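An overview of the molecular structure
Chain residues, written in single-letter form:
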Amino acid sequence: MSVGAAVRRVRAYGGQFLLLAVLTLVVTLLISGVPRLVNRLAEQGLRAQLNSEPAARRDISYTTGVVTATSRNTALAGAAERFDRLAAEMPPQVRSAVTERWYNVDSPAARVVGPDLAARNLLVDLGLRGVPNIQGASTLVEGAWPSETYVPDRPIEVALDVDVAGKLNLRAGSQLRIGNADDKGKLSDAAPMVVSGLFRPVDPANGIWDGLPQLLRIIEPPGDGQPFVIVGVVAQSALNKRAAAGWPVQYNWRYRLGADRIDARELDPMIDGLQTMQRTRPQDLTLTQGVDVPLRAFAAQVNAARTLLAVIAAGVLATLAGLIVLAASLATRRRRSEFVLLRARGGAATAGARRSLAESLLVVPVAAALGWWLGTLFPGDPDPTTPYAIAATVLVTLALPLATLAVPVGAAARHDLIRVRPSAGRLTVEVSLLLLAGLAAVLLRRRGLTLGEVDPLLVSVPVLLAVAAAVLALRAYPWPLLLVSRLAARTRGSVAFLGTARAGRSAVATPLVVVVLAIGTAAFCAVVAAGVDASRERAAEQIVPADAVIRGERFAPDTIDELGRLPGVRAVTRVLYQSDERLAADEIGTDARVAQTDVLLVDGSGLDAVARESEVDLPVPPTLLAARPGPGPLPAIVSPAVAADLAKAGLDDSAFISVQGQRYEFRVAGTEEGFPLLSASTSRFVILPWQALPERTTTPVATSLLVAGDPLDAEALRVAGDQGQERYQRDGAVTGRDRPLGVTVDTRADVRRELGNGGANGVLAFGFVAGAVGGTVLGLLAIAFTVLAGARARGQVLSRLRTLGLSRRQWRGLLLVELTPLVAVSVLTGALVGAVLPLLLNPVLGLSAFTSGVPVQVAFEPSLVAAVLALGAVALGFAVAVEALNNRRLRLGEVLRLGEES
């Protein structure tokens, strides 16, 4: 069998081999390119998430307690030595991600006095910090840097940030004294000090300034009579001198992980490395790091997205495999006479297969290599998918020879009929497919999916279920058409009768399976995407059950009135939240021996009003709405875990809980799995009705405020909240505490936007879009194959009917009647499969990682019906167009001379 002969046959049947080559190219392109694109999207999502966090969140900090150094040379020298040793002891995956690192030695803040401070009656505590290489990160504005040369009896030289110094009336040359202050403000062990120079940071965002307390800020006094606290830079010699004199010091080593150094594909090893560091840290050090929190959250999203992509990819690749089988079958059917003649001339049973194999070897490997190369042009890091591409190439190469072996060599038989009573072999195959699909579904629900990993059997469950549904549809397909055909036979005209009769006899086994696979994959993506979007809406309402929420420490009671005067505000209500409160068995505080729980105070009517004004679907429990002050315990809504513990302890009728120092008696009046303003992971909580609290001398104070209105000015809400906190503290309700932190304002719209844009949502969106579009396109292509498979036989029938007087209009009607049942049953079956699959797979996909922990609920979407009808209309129009174009290629006489079914 010469290569030249094979080349001539490839050229003669160029259209069929071009189709096979294109399908091969698409398969290897997907295998090579899609993992790269997914990795690229994951990397971008990880960068965006890490960069949205404060840079200091990526710091790994080792800190000692306050220690006393006895050697005058160990303060900074020992810190530098340990700095390198700690880095060398890090796990490799963590060490390779470190991009910046700093260390410093601090002497705790002590009282400083001097003429410039006394001129403004300022009370100041100054901490001393030795920071190597600080000169390179700042610009000297005035004076000089502290001298590194040790000179006995020289005053301690300190450099200050120019803005800090200006606010405290200090300048280069200011004379100070530093020492420990007693209760009367007198200094002991006072040492002379001078401000040697003032500096300004080159880049205030540089991590060198992130050490706590900060060099560039003044810590405001927490109350009257309290000092300002600042930090100044000193030379190593001065710090060593202080340490040698017995002054305590504290060491800090910080290592910052670069966002571009963390590989999204290696998140689990990175998290494991951070855990290892925590377990193996030196006993004398405290390790502080927060980067594992966003890494864990992102890893959960990526694993869920990759698992979903594996399910979608299984459907798309199975559809492509079905299309390749259809293309190979179509090619061999067109060449049936050639293979029969080859056998009649004495050729072996495998002669045709060998000829087809030689032709495939000329086309498929080249197309596969081209597709693989095009996939390498996609942005992103590659995955080890070469073995899968090679396996796919081998299977596609064998598709045509195997189809050739299946060509019958005997007398021509009718292949346009579906047997009502299938053969034993076919029945065995179909029953086996149904049993396998059922078994795989049971295993999936019992074992679940390991997120981020691919279990070939369990990931193929959607494919098996789609095939099983197609088999059932194929078995049921002829029966309604048979009934319709009998009814049509009683009517006038031949179009309806002939169309339904031919549709009922059409062999649509493989094409129907492929169409169901494709449409099922597209519908699955659409339904799950709609479920995730709806769950994000619920998650946003769970986090912010209003238009906005203001969170702070404690607000003055009149803050509600102040907020109500702002433009756009329609309703405001108060909320109090405390975490980890102990339950008591009686009023004197006897421990109820129940685990700690969160407590939430809400005004039932106020919460309901805010929810209605904000158009939030928040059914407030009637218990909270109807509660009023009166004797007896307060009716409370509790979580099932708390209710079970109270019942076990015999306290479900009466228990006590402390709220801001006041103990309140409550009883279990109802249970809820969750409640707004509480995290989805919170499993222990008690909710009390604020309006029913008994009158006490001290009343609870709101820690959050819910606001309804449109439009809302977030900055105005923030200012009003800060002023409410300041009024509460200024009125004397709080003494001896730090100044309250600024409030945070979250709007429901912003929370919803963050849920949809952050993290690995790019990977998830890509999977949904690619699956929906790819499934739809491949479904239309499968319908085209279905039409082309019977085009010649249909052309003969239509041509003969045209010679008998069938009009062009009747011909179009006959074509429409014949193709409509096929398109309808395939599209509807695929849509049904796509709608049912999420109910089975949703519990094991882990998509709650994209909805802030709120379970994703997949429900019937009315829009899916409209989409299916539209898709069916498009598919039918496409099928008719393909048939019409194919008929135009053949002249009437030529079709009539084709005396065999091809």
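Going by the structure above, here's the rest.
As a starting point, this report considers the structure included with it. Predicted model only: the values in this text are computed from it and were never measured.

1. A few points about helix H3 (residues 77–88)
Here H3 is 12 residues long and its end C-alpha atoms lie 17 Å apart, about the 16 Å a rise of 1.5 Å per residue gives. When we look at burial in H3, the residues that qualify are Ala79, Arg82, Phe83, Leu86 and Ala87. Axial view of H3: buried residues confined to an arc of 135°, hence all on one face. Exposed residues pointing more than 90 degrees away from the buried face of H3 are listed as Glu81 and Ala88. Those residues of H3 that are buried are in contact with strand S1 (59–64), helix H4 (92–95), strand S3 (98–113), strand S10 (248–257) and strand S11 (285–289).

2. A word on the sheet that holds strand S18 (residues 662–671)
The mixed open sheet is built from 10 strands, whose spatial order is S14-S17-S18-S16-S19-S15-S13-S20-S12-S21. At either end of the open sheet lies a strand with only one pairing partner, and these are strand S14 (583–584) and strand S21 (744–747). Here S14 runs beside strand S17 (residues 655–659); their pairing, made up of 2 bridges, is antiparallel. The partner of Ala584 across the bridge, within S17, is Phe656.

3. A short note on the pairing of strand S7 (residues 175–181)
Across 3 bridges, S3 lies against S7 in antiparallel orientation. Of the residues in S7, the one forming a bridge with Val113 is Arg177. Judged from the 6 bridges that link them, S7 and strand S8 (residues 187–201) form a sheet pairing that is antiparallel. Bridging across to S8, Gln175 finds its partner in Val194.

4. Concerning the nonpolar core
Ranked by size, the top nonpolar core spans 163 residues in total, and within it Trp253, Leu295 and Phe524 carry the most contacts. No other element matches helix H9 (residues 292–334), which puts 22 residues into this core. For Phe524, the contacting residues outside a window of four places in its chain are Leu308, Val311, Ile312, Gly834, Leu837, Pro838, Leu841 and Leu845.

5. Re the layout of surface pockets
In this structure, the second largest pocket spans a volume of roughly 1,800 Å³. In this structure, the second largest pocket is lined by 49 residues; those nearest its centre are Ile31, Ala313, Ala314, Leu317 and Tyr388. Elements with a contribution of two residues or more to the lining of the second largest pocket: helix H2 (14–52), H9, helix H12 (386–405), helix H14 (456–459) and helix H25 (761–789). If you tally residues by element for the lining of the second largest pocket, the top one is H9, at 15 residues. Residue classes in the lining of the second largest pocket are distributed as 40 nonpolar, 7 polar and 2 charged.

6. Some details on empty space enclosed by the protein
Applying the stated criterion across every chain, the model contains 6 cavities of 30 Å³ or more. A volume near 140 Å³ is recorded for the largest cavity. What lines the largest cavity is a set of 13 residues, among which Thr149, Arg154, Pro155, Ser237 and Ala238 lie closest to the centre. Top contributing element to the lining of the largest cavity by residue count: helix H7 (residues 236–244), with 3 residues. Taken together, the residues of the lining of the largest cavity break down into 7 nonpolar, 3 polar and 3 charged.

Rules used in this analysis
- Residues numbered from 1 in each chain as written.
- Predicted model: local features only at pLDDT ≥ 70, side-chain atom pairs only at ≥ 80, totals over all residues.
- Heavy atoms only, no water.
- Helix = DSSP H or I, 4+ residues; strand = E, 2+ residues; numbered from the N terminus.
- Expected span 1.5 Å × (residues − 1).
- Buried < 20%, exposed > 50% of the residue type's maximum accessible area, 1.4 Å probe, protein only.
- Arc of directions from axis to C-beta.
- Contact = heavy atoms within 4.5 Å.
- Pairing = 2+ DSSP bridges.
- Core = buried A, V, L, I, M, F, W, Y, C linked by side-chain atoms within 4.5 Å.
- 1 Å grid on protein atoms, 1.4 Å probe; cavity = no way out; pocket = protein on both sides within 12 Å on 5 of 7 lines; lining within 4 Å.
- Points joined across faces, edges and corners; volume = space filled by probe spheres on them.
- Nonpolar A, V, L, I, M, F, W, Y, C, P; charged D, E, K, R; others polar.

That is the geometry; function is a separate question.
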